[in-house]
Every structure is written in C-alpha cells, then in structure tokens.
Amino acid sequence: MASLNKHLVMIVLQFLREENFKEAARSLEKESGFYFNMRYFEEKVLAGEWDEVEKYLSGFTNVEDNRFSVKIYYELRKHKYLEALDRKDKIEALHILENELKVFSRVKNDLYRDMTLLLSLDNFRENEQLSKYDNMVEARGTMMMELKKIIGANPVFNGKLEFPSSRSARLRTLVNQSLNWQHHLCGNNRPYPDNIKTLYTDHTCELSKGSLATLPVNFPAAGSANPTSFTRPGVYTPFRVPASAISNQGQGQGLFLNVDAVGKNKGILNPVDDAVNKTTPWQLTAEKIDHPVRCRLVTLNASDAGDKVSQLLYTNAGTGILVLGSSGFQMLYKWVRHENNPSGKATAKELPHLWKPSSGLLMANDIAGVDLQKSSPCIALTKNDSYVMSAFGGKVSVFNALTYEVMTTFMSTPPVPTFLAFFPPDNNYVAVGMDDSTIHIYNVRGDEVKCILKGHQDRVTGLAFSTKLNILISSGADAHICIWSTDTWEKKNSFPLQLTTSESCSACTGDTRVQLHRDEIQFLVSHGTQLALYDAENVDRVQRWIPQDALSAQITSAAFSCNSMLVYASFCDGSIGIFDAERLSLRCHLNPSVYLSLKGQVVYPVVVAAHPQDPYQFAVGLTDGSVKVIEPFEPEGKWEVFKPPEEGFANGRSASTSTSHHAAEQVQR
C-alpha cells in the first residue's frame, strides 16, 4: 500500500507540474520526500538563495544523517560563508560561522578552526587552498557539479532522483476512467449524460421528465455457481458535458475529455468491454493570435544592420540568452535580479542588459579565411553556464562565459565543425558534427579525438544525447537519422525521414534538427517539410505534422518547451506555431503582425529557443538580427486551445474562429 501512496503522490506531482503550480509542487516534493527535484535545487544554488536551498534539502536529509549529508551541508554553508567574506561583510560571515558552521567542529575541529582564521584575512584567497576561487557566482556552478555527485552517492536519495516515466495527464485519465465506471454503475444509465458538473460527488444520471428509472443490476450472491446471472453491461456513447463543467476544471481543460491525450483518439472507452463509440471525437481548435495585446514580448537588438541571428540559446539557469550572429560574434544578455524580478530569470516584462566584461574582450569566433555565407554556425553551453563552446567555419573555441577569454581552441579544419553537443555525464567530452558527414567524439581535457563515427552521407546538422538509453542521436543534411551506442560508439540504427517527392526545402528552411523529449526516450525531428516525433527505444515514428492551411510555409526551426508538453515552431512567412507535443496538434498560431513591424522588409525567425524552466516562454532569432522573447499575458499565463461559444456551432462545426479567452475544445455531434 505504501508504494501505491507514493504512486498517488507522484501522479499529483505530475499534475501540478503540468499546470505550472510550481510552489505547490515544491511543497509536495519536500513534505512527501518522494522526489528530489535536482533541477529546482540547482536553480536555487546557482541563484545563491541559501535559505531556500536548505529549506528544500531538509525535506530529504538532515545535516547529521550520514557522511554524505554532512558533506552536502558543509559545502553549501562554506560557500555561503566565503561569499560573505568576499563581500567584506564580516558581521554576516561571523553569524554564519557561529550559527551554521560550528556544528561541523564536532566532526573535524581543525576544519572549523581554519574557517575561523579566514576572518582575520583581508582576502580569503590569501589562503593557499582557496587561492583558485575567482568569481564567486561562477564558483557556485563548480560546487553544484560536486554536489550532484555527492547527492547521487547518498543512500538517502536512492529512488528519489528520477521522476517516474508515465503518459502525460495521468491524473485526468484516472478521473476519466472513474467517471466512466460511475456511469456504468449508475441505476439510470443514460447514453448522453449532461449533468457532469462536479467531481465532489459520484456521478448519477438525472431522471428526465416522464421517464422511469432503470431497474438496478442484481449481482449474484457470493459463492453462486451461475456466472450467467451477471447482467452484461451495455455499450454507451461518450459523455456530452456542458461548458460550465469544463470551465470549472483544470483552467479550461475538461478532466474527462482528454482520454485521447493518452494516445487513443477514438472517444471515451467502455471500461468493461473496451468498446468504442463511433461518434466523431472532440477536436482541438487552435487559438489564432493576430494582435500584440494577446502576448507580452521584449526585443533584443542583438547585431548590427545586415547581420542575422544564426544560433540562439538560453543559459541553463534561465537568467540569460546567448546569441550567435552571422558575423561570428556572440553576445550574452542577462536579466538583473531585483524586487520586481527576484529570481533574475528571463522575462518579457523588461529588457536584459548586454553583458560586457571589464577587460573589453569580445566573444569572437575564429573566422580567418572563412566564407561566412557557406558556413554552419554552432554553439553549446556547459551545464553550469561557465563555458561557451562555439565554431563558425573555423576552429572550435572555448570561451569563459564571464570574462570572454578564449580558454582553448581545437579541431583544425578541414573538416569543418557543423554541430556541437556536450556529453552530459562528462562535459570534458563533446560530440562534434562535421561537414564531411562524420562525428568526432573529442576529449577537451586530453586534447584528443577518442573516435570518429561514420554513417551519414552529408554534413551533420543535429546531435542529442540520451543518458537514459545510452545513445547519441544524430541528424544530417542527407535527411537521415542515426542512433549510436555511447558504450561502444557503434551505430545501432539508421533510417531516412519519410519525404514525398513534393517535399523539397527552400533556401530559408533551417537544417534538420533533433531534440530529446524530457523522458529521454522520444525525440523531436524538425525539417523544413515536417515535424515528427520518434521513439528512440523502438525506433518508431509516433506522430508527424506537415505544414498546412494557415501554417503552410516551410519550417525554419522548432524546439520542445522545457517540460516537453509543447513544441514551438517558426516558419518562413514569419508565423509561429505552438503545438501540443504529444499529438503534434496545433494549439496556437501567432501571426507575424504580433511581433513584427512588417514595413516592407522580409523578416522571419531562423531559430527558436525555449526557456529552460518556464514552459510558456520562448525566444526567436530573426533575419534582421533581433531577438524576440515572447510569453502569454497574465493571468492566463498559458498558450491555450479555444472553444467557440455553443451558439456558434453550425452542423457540428464552428461558424468562425474564436479569439475568446475561454479555453476549451470544439465538439462535433
């Protein structure tokens, strides 16, 4: 029973995450102790929110639980102490020493004595062991890498670091199944119940005027040997639920109308016979946004006139955006933490500032002798945002993200690097896609190529690692996908994208890209002619969407939202589509007029990036060199699907496209 309790908590957690109830999710994680959210923990550590870090951590382990827990708390409090010393705040440092570090004197008194002596120094870096501490904010990232290893080894966290894999909207599915069963057991079982207005009580069909209640089913007494006396339940048709019931559940998404969200697009199933009614299923109606008032955006002028945005990344902490322009220069924009933005996260409510190191250095790629028009720009960030790896037709350069200093260069050309991806378990290894169709697995620290992978017939355009399946997924300009084992670096599988003869790409179309789903099993493929979702484990195509209707232009770029519930896609005509990731069904359509001035200039997005923590914020890099950060307006805060008002139905279809704020779905009767 205890395991079922845990399962229930995890399903509720999934619901809270899908609905973006962040504070409630964190409280449930901490109070239940079933799931340690490493991403949230890292976010707070990197932000230096030490009180919240320890408050969250205390839900899982205390300082004296074991030697691993001692080490975790010591590293956090030591760093907090050193930051106070670095700010010359001796009073705060003394407070931390006496109230938070003294507990460790019982473990090792010499250590506490050495920490006390640091108070007497003008600069704690005068201590030889601490001389390598440079920027304290950057040092948080280094500490976090060490903490992850300690937490992973701590038995207290066994079974608590991985969120269980399950279909999305699992809680809604269970409620749906319960409603079906309640309806089956209802004494007055009607084929089209219309009184589903609450979940607080069990469902019972109301008696219509002049009708008689159906006699209850009489089950045989216990031990009866006559199984034929059971009454066979009849097949019934899907619920037709009033809009009022929908609007009261889950912010406009009916709990029992999403049965197709678990992969069955056939209406509601009979829980006993698994029979399917042939009525037309509920259809999603995409919201069409034509006016900027419907969303919030901020514009970053990221390059000079004539330049365009070539690559775009959010920092992993979600506090900045890294832009690579078509001239080979990179710019880092950072949001400032203050009273109105206490987290310091990227937001469309205000402009970030362009980070410029005191040295005056620029983050410039090696472009000597390079034809920029024919080169494939590529960029990657280490997990702690400390280093930027980039190339633009020349050698790969590794930059310090704080000082812009070039730490090293590697990969003399030819061949020319076309895509970069860090190996997640060890950022000292990087996969480098090349224009000669090979992939080099490179050891940065050892300055050597570990192996060369051969399988594509044209330049490599995308790379994605799955640590869950121990594979590397690659895409190429040959429109092929290859899957490689990261244990042996041998090719496990290869297949072409399914293209028709009419599906050719124009000059504006972006390269074929691959991106892993959050579950690290499915992955998204974006190509000028399609979006496709694949299962890497079974090498099956799950879904496919081809440009059509209002979004008939070719695709330039696409990206999963951070929770993999949405897909953001940009198009050659400037449109932006927001899709439900599970079915690749259009959820929202942003017209170019929403974010572009359209003064005769042909401008469109060439790259899309999704915020690493906010699933409803994304950014697009444009051909005019600017970047737009876009998010929906509060209080909705989401990109929703819409349902036209009921009187707008004609012959089962919507009479016109609705731009109402009441999200729901369209039904055909």
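Residues numbered from 1 in each chain as written. Predicted model: local features only at pLDDT ≥ 70, side-chain atom pairs only at ≥ 80, totals over all residues. Heavy atoms only, no water.

- Taking an unreviewed UniProt entry as the reference, the protein is identified by name as CTLH domain-containing protein belonging to Daucus carota subsp. sativus.

Overview of the nonpolar core
And step 1. Judged by nonpolar contacts, the single largest core of 42 residues is most densely connected at Phe 36, Phe 41, Leu 76, Tyr 81, Leu 82 and Leu 101.
And step 2. Counting only elements with at least two residues in this core, the list comes to helix H3 (38-47), helix H4 (50-57), helix H5 (67-86), helix H6 (90-101), helix H7 (109-117) and helix H8 (136-153).
And step 3. The contacts of Phe 41, once residues within four sequence positions are left out, are Phe 36, Val 53, Tyr 56, Leu 57, Leu 76, Met 144, Leu 147 and Ile 151.
And step 4. Grouped together as the second largest cluster of nonpolar side chains are 21 residues, Leu 566, Val 603, Phe 618 and Leu 622 included. (Core = buried A, V, L, I, M, F, W, Y, C linked by side-chain atoms within 4.5 Å. Buried < 20%, exposed > 50% of the residue type's maximum accessible area, 1.4 Å probe, protein only. Helix = DSSP H or I, 4+ residues; strand = E, 2+ residues; numbered from the N terminus. Contact = heavy atoms within 4.5 Å.)

Side note on the packing of H4 against H5
And step 1. Interhelical geometry of H4 versus H5 gives an angle of 170° and a closest axis separation of 11 Å. It follows from the interaxial angle that H4 and H5 lie roughly antiparallel. In this structure, H4 contributes Trp 50, Asp 51, Val 53, Glu 54 and Leu 57 to the contact, and H5 contributes Ile 72, Tyr 73, Leu 76, Arg 77, His 79, Lys 80 and Glu 83. (Axes fitted to C-alpha atoms, helices over the stretch in contact; angles between N-to-C directions. Parallel < 35°, antiparallel > 145°, perpendicular 65-115°, else oblique.)

Points about the confidence of the model for the protein
It should be kept in mind that the predicted coordinates are not to be read in detail where pLDDT is low.
And step 1. In this model, the protein carries an average pLDDT of 80, and 77% of its residues clear a pLDDT of 70 or more.
And step 2. Considering only residues more than four positions removed or in separate chains, one finds that residues 209-284, a stretch of pLDDT under 50, has 137 contacts.
And step 3. With pLDDT under 50 throughout, residues 642-669 is counted as low confidence; its partners more than four residues away or in other chains account for 65 contacts. (pLDDT = per-residue confidence, 0-100.)

Here's the deal with the packing of H3 against H8
Each pair of packed helices gets described by two things: the angle between the helix axes and the distance between those axes.
And step 1. Where H3 meets H8, the closest approach of the two axes is 9 Å, and the angle between their N-to-C directions is 150°. Here H3 lies roughly antiparallel to H8, going by the angle between them. The handedness of the crossing between H3 and H8 is right-handed. The segment H3 lies against H8, with Met 38, Phe 41, Glu 42, Val 45, Leu 46 and Ala 47 engaging Arg 140, Gly 141, Met 143, Met 144, Leu 147, Lys 148 and Ile 151. (Left-handed = near helix turned anticlockwise from the far one by under 90°.)

Focus on H6
And step 1. Where H6 is concerned, the buried positions are Ala 93, Ile 96, Leu 97, Glu 100 and Leu 101. Looking straight down H6, one finds that the buried residues subtend no more than 115° of arc, so they occupy a single side. Counted as exposed and oriented over 90 degrees from the buried face of H6: Ile 91 and Asn 99.
And step 2. Packed against the buried residues of H6 are H4, H5 and H7. (Arc of directions from axis to C-beta.)

Comments concerning the sheet that holds strand S20 (residues 513-516)
And step 1. The strand order across the open sheet built from four strands is S20-S21-S22-S23, with neighbouring strands paired in antiparallel fashion. The sheet is open, and its two borders are formed by S20 and strand S23 (540-545), each paired with just one other strand. The mean inter-strand angle of the sheet, taken between neighbouring strand axes irrespective of direction, is 20°.
And step 2. With six bridges joining them, strand S21 (residues 522-527) and strand S22 (residues 530-535) adopt antiparallel strand pairing. Of the residues in S22, the one forming a bridge with Val 525 is Ala 532. (Pairing = 2+ DSSP bridges.)

Some thoughts on the environment of Leu 524
And step 1. Structurally, Leu 524 can be placed in strand S21.
And step 2. Judged by relative accessible area, Leu 524 falls into the buried class, the value being 2%.
And step 3. Setting aside chain neighbours within four positions, we find Leu 524 in contact with Arg 513, Val 514, Gln 515, Ala 532, Leu 533, Ala 558, Ala 559, Phe 560 and Val 567.

What to know about unusual backbone geometry
And step 1. The residue after Thr 413, namely Pro 414, is reached through a cis peptide bond having omega -10°.
And step 2. With respect to the helices, strands and loops of the structure, Pro 414 is situated in the loop between strand S11 (406-410) and strand S12 (417-422).
And step 3. Positive phi, normally seen in glycine, also occurs at Asp 385, with a value near 65°.
And step 4. Along the chain, Asp 385 turns up in the loop between strand S8 (378-381) and strand S9 (387-391).
And step 5. The residue Val 539 is not glycine, and still its phi comes out positive at about 50°.
And step 6. Along the chain, Val 539 falls in the loop between S22 and S23.

Section: helix H2 (residues 22-32)
And step 1. Within H2 the residues assigned to the buried category are Ala 25, Arg 26 and Glu 29. Buried residues of H2, viewed axially, fall in a sector of 100°; they line one side. Opposite the packed face of H2, turned more than 90 degrees from it, sit the exposed residues Glu 23 and Glu 31.
And step 2. Directly beyond the C-terminal end of H2, a positive phi value near 70° is found at Gly 33.

Observations regarding the sheet that holds strand S17 (residues 471-476)
And step 1. Spatially, four strands are ordered S16-S17-S18-S19 in an open sheet, and the strand pairing comes out antiparallel. Edge strands, defined here as strands with exactly one partner in the open sheet, are strand S16 (460-466) and strand S19 (491-496). Averaged over neighbouring strand pairs, the angle between their axes works out to 15° when direction is ignored.
And step 2. Where strand S18 (residues 480-485) lies against S19, five bridges are found, and the strand directions are antiparallel. Bridging from a neighbouring strand, Trp 484 pairs with Lys 491 of S19.

Digging into the side chain of Lys 80
And step 1. Relative to the helices and strands, Lys 80 resides in helix H5.
And step 2. Residue Lys 80 is classed as buried on the basis of its relative accessible area of 12%.
And step 3. Beyond its immediate chain neighbours, meaning those up to four positions away, Lys 80 contacts Trp 50, Asp 51, Glu 92, Ile 96 and Glu 100.

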